[in-house]
Amino acid sequence: MKIAVIGQGYVGLTISTFASQVYEVIGFDLNPIIVDQLNQGHSHIEGVTPSDLRFAISSGRYVASTKGSDIAGCEIIVIAVPTPLDGNRKPDLTYVDSACKVIAENLTGPALIINESTSYPGTLRDYIKPAIEKYSKQKFDHQYAISPERVDPGREDYNQKNTPRLYAGLTPEATKRTREFYSTFCDNLVEVSSPEVAEAAKLFENTFRQVNIALVNELAQISHALGIDVRETLDAAGTKPYGFMKFSPSAGVGGHCIPVDPSYLADVAEKAGVQATFIQRANEVNLDMPKYIAGRVEKDNGGSLKGKKVLVVGVAYKPNVADTRETPAELLINALEKLGAVVTWNDPVVGSWHGKDSVALSGADIAVVVTKHDVVSAAEILKSAPYVFDTTGKVKGAVQL
Ligand SMILES: NC(=O)c1ccc[n+]([C@@H]2O[C@H](COP(=O)([O-])OP(=O)(O)OC[C@H]3O[C@@H](n4cnc5c(N)ncnc54)[C@H](O)[C@@H]3O)[C@@H](O)[C@H]2O)c1
C-alpha cells in the first residue's frame, strides 16, 4: 500500500520512517532543502537517526518529495504540518489549509485522510473535511480520521511503537481503517468515541503540563520571597506516594506544543462562551518568567546590568535537542538587553540561531543557564563567569531560581 505523509518535520519524518517498515511512503514537504537532505539520508531531527533513514531509503519504501503529483494513487494520507499561533496568539491553520489543498488537488481516488497535527476539537470535521472538499475538482468519497501525535523528540523510552495512540474516525469505516493502519507499527491503540474527544485529549495533555509548570514557577517566586528552597520543597512534597506529581521550575515553556496548544483550547472555549482562565493565567506566569529572572540577576549584580557581559547558556527549549521554537531564552535575552546587558549565548547543540553562532563558554561577567545539555558540564558552566544563575537546578554551586 502506498501512503503519503504531508510535512517531514519532527512528527511527519518520525511517522514516515516507522510506517516505511510496512508501507511504501512518500514523505511530502514544501521545503526543497529538507527533501534533498532526506533523500541523501541526512535526518534533520532528533529521534530519527541517519541509519533509520538510510534503512528506510534502501528498503525502497521511503522517498521524500516536493511534488504534489507524487501523492496520486496513495490510499492513506497523514497530515503532519505545523499548527502555530498567529500574531494575536490565535490558532493559525494556514499550513493545514495548504496541506488540504495539495491533497485535494493531487489525489486520484478515494483515500483515508488522517490528521496528526494538533488542533482544536472540531478541526477534522469542520475544517479539514470541508477544505479538502472545497479544493477537490473530482469528488471522491474520502474517509477522515484523527490520531493526534504524542511524540516527544529526543526521548528514548517512549516512541511511536510503545506510546499509546488515540484515534477516531468521522465514520466507523474510517475508524476501522485507521486502527488497521496504525496497528501494523504501534503496539497500543486507544479508540475514542469521536474525533473531537481525541483532539480535546491532546490539547488537555499539554494544557495540564502548561498549567502545572506555571504553578511551580509561581511557587519558585513565592519560595524565593520567603527564603525557602523551592526544589527541596518539591522533593519533599514528592515523597507523598499518591495525589502529587512533581513539576520543576524553569525559565518558562518552549517548543511547538506546550506554549501553543493550550491557546487552541482557550480559543475554542471562548467561541463556546467559556473563559479558559487557568490557561490565560498560566500563559502570563510562564511568559513573565524571563523578566522575573532578569530582575533577579540585576538585583544580585548591584542593581544594574548596564554594559555587563551576560552569557545565556543553552538556548534550545529543552536539553539535548537543537529545537529553539518558542524558547524562553529568546524572551530572556530581550529582557536582559532591555536592562542594558550585552548578551551573547552558548549552545553547542543548536550551533547557530537567528543568524548568529554559539560563542565560547567563557569570559562573561554573568552566565544565566536556561537549558543544560548533557554535552555541557556543570563545571564548565561554573567557570564561565564569576556569577552564574541557574534556572535548571542542574548546576550546583550556582545561584538557584
Ligand atoms: N514536535 C513535536 O514534538 C510534536 C509532538 C506532538 C504533536 N506535534 C504537532 O504535530 C504537528 C507538526 O509538528 P512538527 O513539530 O512536526 O512541525 P515541523 O515544523 O517540525 O515540521 C513541519 C513540516 O511541514 C512542512 N509543511 C508545512 N506546510 C506544508 C504543506 N502544506 N505541505 C507539505 N509540507 C508542509 C514544513 O516545511 C515542515 O518541514 C503540529 O501540529 C504540532 O503541534 C508536534
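What this report covers is the structure whose coordinates are included nearby. Because the structure is predicted, anything quoted here is derived from the model rather than measured.

1. Focus: the packing of aromatic side chains
Phase 1 of the analysis: This structure, assessed with the given rule, holds seven aromatic pairs.
Phase 2 of the analysis: Both rings, one in Trp-345 and one in Trp-353, keep their centres 5.6 Å apart while their planes meet at 80°; by these two values the pair is edge-to-face. Residue Trp-345 shares its accessibility class with Trp-353, and that shared class is buried.
Phase 3 of the analysis: One aromatic cluster is present, built from ring pairs that chain together Tyr-23, Phe-181, Tyr-182 and Phe-185.
Phase 4 of the analysis: For Lys-101, the ring lying beneath its charged end belongs to Tyr-135, and the centroid distance is 5.8 Å.

2. Describing the nonpolar core
Phase 1 of the analysis: Ranked by internal contacts, the top residues of the largest apolar core, which has 40 residues, are Ile-6, Ile-71, Ile-77, Ile-103, Ile-113, Ile-128 and Ile-132.
Phase 2 of the analysis: Looking at this core element by element, the count peaks at six residues for helix H4 (residues 94-106).
Phase 3 of the analysis: Apart from residues no more than four positions distant in its own chain, Ile-103 is found in contact with Ile-6, Ile-77, Ile-79, Ile-113 and Ile-132.
Phase 4 of the analysis: Membership of the second largest hydrophobic core comes to 35 residues, among which are Ile-258, Val-297, Leu-332 and Trp-345.

3. A look at the site of the ligand
Phase 1 of the analysis: Surveying the vicinity of the ligand reveals 27 residues, the closest of which are Val-11, Asp-29, Thr-83, Ser-98 and Thr-118.
Phase 2 of the analysis: In the environment of the ligand, an oxygen atom lies 3.0 Å from a nitrogen or oxygen atom belonging to the backbone of Tyr-10.
Phase 3 of the analysis: In this structure, an oxygen atom belonging to the ligand sits 2.8 Å away from a main-chain N or O atom of Val-11.
Phase 4 of the analysis: Protein chains bury 92% of the 830 Å² of accessible surface belonging to the ligand in isolation.
Phase 5 of the analysis: For the shell around the ligand, the elements supplying multiple residues, two or more each, are helix H1 (10-19) and H4.
Phase 6 of the analysis: Sorting elements by how many residues they give to the shell around the ligand places H4 first, with three residues.
Phase 7 of the analysis: Among the residues forming the shell around the ligand, the class breakdown is 14 nonpolar, nine polar and four charged.

4. Brief notes about the pattern of salt bridges
Phase 1 of the analysis: Applying the stated rule across the entire model yields 17 salt bridges.
Phase 2 of the analysis: Across the pair Glu-116 and Arg-165 runs a salt bridge whose closest N-O atoms are separated by 3.4 Å. Here Glu-116, found in the loop between strand S5 (112-115) and helix H5 (123-135), pairs with Arg-165, found in strand S7 (residues 165-169); they are 49 residues apart in sequence, far enough to count as distant.
Phase 3 of the analysis: Taking relative accessible area as the criterion, Glu-116 reaches 1% and is therefore assigned buried.
Phase 4 of the analysis: Take Arg-165: its relative accessible area is 3%, and that puts it in the buried class.
Phase 5 of the analysis: Of the charged contacts in the structure, one is a salt bridge between Arg-281 and Glu-218, with a shortest N-O distance of 3.2 Å. One end of the pair, Arg-281, is in helix H10 (residues 277-300); the other, Glu-218, is in helix H7 (residues 195-226), with 63 residues separating them in the sequence.
Phase 6 of the analysis: You can call Glu-218 partly exposed: its relative accessible area is 31%.

5. Considering the side chain of Thr-207
Phase 1 of the analysis: Position of Thr-207 among the secondary structure elements: in helix H7.
Phase 2 of the analysis: At 2.7 Å, the side chain of Thr-207 forms a polar contact with the backbone oxygen of Leu-203.
Phase 3 of the analysis: Leaving out residues up to four positions away in the same chain, Thr-207 has contacts with Pro-262, Leu-265 and Ile-279.

6. Brief notes about helix H9 (residues 261-271)
Phase 1 of the analysis: Counting buried positions along H9 gives eight out of eleven residues, so the element sits mostly inside the fold.
Phase 2 of the analysis: Every buried residue belonging to H9 is among Asp-261, Pro-262, Ser-263, Tyr-264, Leu-265, Ala-266, Asp-267 and Ala-269, and all of these are buried.
Phase 3 of the analysis: Close packing links the buried residues of H9 with H7 and H10.
Phase 4 of the analysis: Two residues or fewer past H9, Gly-273 is found with a positive phi of approximately 85°.

7. A closer look at the packing of H10 against helix H11 (residues 328-338)
Phase 1 of the analysis: Relative to each other, H10 and H11 sit at 40°, their axes nearing to 8 Å. Taken together, the axes of H10 and H11 are oblique relative to one another. In terms of crossing hand, the pair formed by H10 and H11 is right-handed. Residues Leu-287, Pro-290, Lys-291, Ile-293 and Ala-294 of H10 form the contact with H11, whose own contacting residues are Pro-328, Leu-331, Leu-332, Ala-335 and Leu-336.
Phase 2 of the analysis: A breakdown of the residues in the contact of H10 with H11 according to their chemical character gives nine nonpolar, no polar and one charged.

8. Observations regarding the pairing of strand S9 (residues 309-313)
Phase 1 of the analysis: Of all five residues in S9, four are buried; the element is thus mostly enclosed.
Phase 2 of the analysis: Bridge analysis of S9 against strand S10 (residues 342-346) gives five bridges, and the strand direction is parallel. In the strand pairing of S10, Val-313 is matched with Asn-346.
Phase 3 of the analysis: In this view, the connection linking S9 to its parallel neighbour S10 by way of H11 has right-handed handedness.

9. Description of the pairing of strand S13 (residues 366-369)
Phase 1 of the analysis: Burial of S13 is two-sided: the residues Ile-366 and Val-368 facing one way and the residues Ala-367 and Val-369 facing the other way are all buried.
Phase 2 of the analysis: Looking at chain direction, S9 and S13 are connected through four bridges and run parallel. In the strand pairing of S13, Val-312 is matched with Val-368.
Phase 3 of the analysis: Tracing the backbone out of S13, into helix H12 (residues 378-383) and back to the parallel element strand S14 (residues 387-390) gives a crossover that is right-handed.

10. Let's talk about the packing of H7 against H10
Phase 1 of the analysis: Following both chains from N to C, one finds H7 and H10 inclined at 40°, their axes separated by 9 Å at the closest point. One element, H7, and the other, H10, form an angle in the oblique class. Considering how the two elements wind past one another, H7 and H10 form a crossing that is left-handed. On H10, the residues that touch Thr-207, Gln-210, Val-211, Ile-213, Ala-214, Asn-217, Glu-218, Ala-220, Gln-221 and His-224 of H7 are Phe-278, Ile-279, Arg-281, Ala-282, Asn-283, Val-285, Asn-286, Met-289, Tyr-292 and Arg-296.
Phase 2 of the analysis: Partitioning the contact of H7 with H10 into residue classes produces ten nonpolar, seven polar and three charged.

The rules we used
Residues numbered from 1 in each chain as written. Predicted model: local features only at pLDDT ≥ 70, side-chain atom pairs only at ≥ 80, totals over all residues. Heavy atoms only, no water. Phe/Tyr/Trp six-rings, centres within 6.5 Å; stacked < 30°, edge-to-face > 60°. Buried < 20%, exposed > 50% of the residue type's maximum accessible area, 1.4 Å probe, protein only. Lys NZ or Arg CZ within 6 Å of the ring centre and 35° of its normal. Core = buried A, V, L, I, M, F, W, Y, C linked by side-chain atoms within 4.5 Å. Helix = DSSP H or I, 4+ residues; strand = E, 2+ residues; numbered from the N terminus. Contact = heavy atoms within 4.5 Å. Near = heavy atom within 4 Å. Polar contact = N/O pair within 3.5 Å; in protein donor to acceptor, adjacent residues only side chain to side chain. Areas by Shrake-Rupley, 256 points an atom, 1.4 Å probe, with all protein chains shown as cover. Nonpolar A, V, L, I, M, F, W, Y, C, P; charged D, E, K, R; others polar. Salt bridge = Lys/Arg side-chain N within 4 Å of Asp/Glu carboxyl O. Axes fitted to C-alpha atoms, helices over the stretch in contact; angles between N-to-C directions. Parallel < 35°, antiparallel > 145°, perpendicular 65-115°, else oblique. Left-handed = near helix turned anticlockwise from the far one by under 90°. Pairing = 2+ DSSP bridges. Right-handed = clockwise from strand over helix to strand, strands pointing away.

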